[in-house]
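Tertiary structure, described
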Amino acid sequence: MSNISAIAGGIVFVSLGACNVVTMLEASQSTRNAATRTRLIAIHRACGYLFVVLLCIMAYGMSQRLVGVGITGHLPTYLVLHIVLVLVLVPLLLLKILIVRRYKQSHSSLKALGIAIFVISFVLVAIPTLSELLHAMNPGSLGLRLITGLVLSVCLVQCGLVFKKRKASRPPMKSSPLPQIPAQSSRLTDRENANTPMNLLLAHIERQTHDTKTLRFQVPKERRLRVKPGQFLTFQWMIDGQRIVRSYTISSSPNNENYVEITPKRAENGCVSVFLNDRAKPGLMVEASGPYGRFCFDETLHKSTVLIAAGSGITPMISMLRYIDDLRLATPVKLLYCVRTAADIIFQSELARLERDLPNFNHEVCLSQPDPTWTGQSGRLSAEFVSQHVIDANSSTFFLCGPKGFMENARQILLTLGVTQNQILQESFGEIKPSPESRPLEARPVETVVFIRSHKVCQVSDGSTLLDASERNDVQIPYGCRQGICGTCVTRVLSGAVQMDVEAGLTAEQKNAGYVLPCVSRAKGTVVLEA
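Quick caveat, the model's predicted, so the values are computed rather than measured. (Residues numbered from 1 in each chain as written. Predicted model: local features only at pLDDT ≥ 70, side-chain atom pairs only at ≥ 80, totals over all residues. Heavy atoms only, no water.)

What follows concerns the pairing of strand 3 (residues 232-239). Across the eight residues of strand 3, seven count as buried, placing the element largely inside the fold. Sheet topology note: the strand 3/strand 4 (residues 242-249) ladder contains eight bridges and is antiparallel. Bridge assignment links threonine 234 to a residue of strand 4, and that residue is serine 247. Connecting strand 3 to the next strand, strand 4, in antiparallel fashion are two residues, including aspartate 240 with a positive phi near 55 degrees. Relative to strand 6 (residues 285-292), strand 3 runs antiparallel, the two sharing four bridges. (Buried < 20%, exposed > 50% of the residue type's maximum accessible area, 1.4 Å probe, protein only. Helix = DSSP H or I, 4+ residues; strand = E, 2+ residues; numbered from the N terminus. Pairing = 2+ DSSP bridges.)

Structure below.
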């Protein structure tokens, strides 16, 4: 009876170890939403505590068996191996707990430790269990045959899965002469949902600074909004009878499924920003689509993060910080925030709260026009300021957001400090301007556009975009932001020349493969599109 109880306890012990590994790997998947990830982390912790308790019980039982005997040469080999495995498992568990509790910057090593602990615990339980089973069976017995068959079946299934994966990963024998579209670095989990417009209700307005407000919009109950920290929505604003399209970064945490917030800064010549800061009232309805954007924080990829923002460029950064705070992530984060005066610091009180609550987050504010009472950093963003506050530049991911000139200056500073281009992510939205090569409307010739898949040929004039032409001729090209940012409308040019006003929504691979963004592209001569 005692042997059966020991075997049952061992199976539970190994099951808890397996559960720990599975929940840890599942929680690290980028496709998991915040609520699911939080539940998985809670299950992982519960299994971990039970695992430690069972290990203590097993270690106590083993020590009782060795009382008066000790570890001598008279012990069976399997029992000595059993003791060695326990002695290896204990420090590994202590190391994992130490990393989780104190050295959170070494978070990336937890997966390897978890898998190692599971493998050792499996061997630890398998040795006595297999020994007991073999001891109780006779050669050629049904039980022995069943166990042998089970082991062989598991091995065959494993081989079959490996073979199937390798076969599925082989490229097709028939290849197209044209390059295929490269996968985007951050694909939306539900693109159709993102492109379907939704009606948002303005529920609450909160003043942040003298020229900035946060607007909270209720999300329809039937709409499930899946947002990554740093993404934006595209709004169809109706102002004085005119429809105006503008994109705004989501400043709220992606964990809030019932509402989204944006934080527009008032610009004197900004039609929409003036409307939102001066005239918008609760009860306003607006049509929006999204979320869009690849300027996203991903804790599975970005193990150490530096956020560099200016002015209203803080909005995607605060969404990332709120996300990190909600999930209690251990990611080291540094924020360098540049504004003109102390009165221009957006989210000032919340940044102070986050610094108190998150042990691995701190921020520095730099004022270009400080008053005499200011004791912090002053001046413009400089290499000295960055190097003073960023220690692990070689292993960090840098997020830049702000005016175009600011981001270009920040990028150049980082490059001079040895940061590689691959470490820098840049938010481009809000910088959409007509191409300097654009000619006056009266001077534009009529161009021919061929939509080869749809078997349609049309004439384009008056500077119309390729997306405008497709809509007028019932050619289906999916789109999102209509500003060259989200990359939804990406389409391949088979022949001809195209002029793009904005290229932010394209990756380098897509540009090299001949893809364009029809929403901001104009034909220069006859153009053939794969649409």
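This brings us to the pattern of salt bridges. When the charged atoms of two side chains lie near each other, side chains of opposite charge can form a pair. Counted by the stated rule, this structure contains 17 salt bridges. Residues participating in the shared-partner salt-bridge network are Arg216, Glu261, Arg322, Asp325, Arg328, Glu350, Arg353 and Asp357. (Salt bridge = Lys/Arg side-chain N within 4 Å of Asp/Glu carboxyl O.)

A few words now on the side chain of glutamate 299. By the element assignment, glutamate 299 lies in the loop between strand 6 and strand 7 (305-310). In this structure glutamate 299 comes out as buried when scored by relative accessible area, which is 10%. Reaching out from glutamate 299, the side chain makes a polar contact with the side chain of tyrosine 323 at a distance of 3.0 Å. (Polar contact = N/O pair within 3.5 Å; in protein donor to acceptor, adjacent residues only side chain to side chain.)

A few words on the packing of helix 8 (residues 314-327) against helix 9 (residues 348-357). Taken N-terminus to C-terminus, the directions of helix 8 and helix 9 make an angle of 35 degrees; their axes are 11 Å apart at the nearest point. For helix 8 against helix 9, the interelement crossing comes out left-handed. Residue-level inspection shows Ile318, Leu321, Arg322 and Asp325 of helix 8 in contact with helix 9, the latter providing Glu350, Leu351, Arg353, Leu354 and Asp357. For the contact of helix 8 with helix 9, the per-class residue count stands at four nonpolar, no polar and five charged. (Axes fitted to C-alpha atoms, helices over the stretch in contact; angles between N-to-C directions. Left-handed = near helix turned anticlockwise from the far one by under 90°. Contact = heavy atoms within 4.5 Å. Nonpolar A, V, L, I, M, F, W, Y, C, P; charged D, E, K, R; others polar.)

We now examine helix 8. Between its first and last C-alpha atoms helix 8 spans 20 Å; for 14 residues at 1.5 Å apiece the expected length is 20 Å, and the two agree. Count one or two residues on from helix 8 and you reach arginine 328, which has phi positive near 55 degrees. (Expected span 1.5 Å × (residues − 1).)

Across the chain, the average pLDDT comes to 80, with 78% of residues at 70 or higher. Confidence drops under a pLDDT of 50 for residues 168-190, and excluding neighbours within four residues, the segment shows 31 contacts in the predicted structure. (pLDDT = per-residue confidence, 0-100.)

Let us look at the nonpolar core. Counting 28 residues, the largest nonpolar core has Met317 and Tyr337 as the members making the most contacts within it. Of all the secondary structure elements, the ones that give two or more residues to this core are strand 7, helix 8, strand 8 (333-339), helix 9, strand 9 (361-367) and strand 11 (397-401). A per-element tally of this core places helix 8 first, with eight residues. Core analysis: the second largest hydrophobic core is formed by 25 residues, Val475, Val493, Leu506 and Leu529 among them. (Core = buried A, V, L, I, M, F, W, Y, C linked by side-chain atoms within 4.5 Å.)

Across the sheet, five strands lie side by side as 14-13-17-15-16; this open sheet has mixed pairing. The strands lining the two open edges of the sheet, one partner per strand, are strand 14 (456-460) and strand 16 (515-516). Pairing of strand 15 (residues 491-500) with strand 16 involves two bridges; the strand directions are antiparallel. Note that in strand 16 the partner of threonine 491 across the bridge is valine 516.

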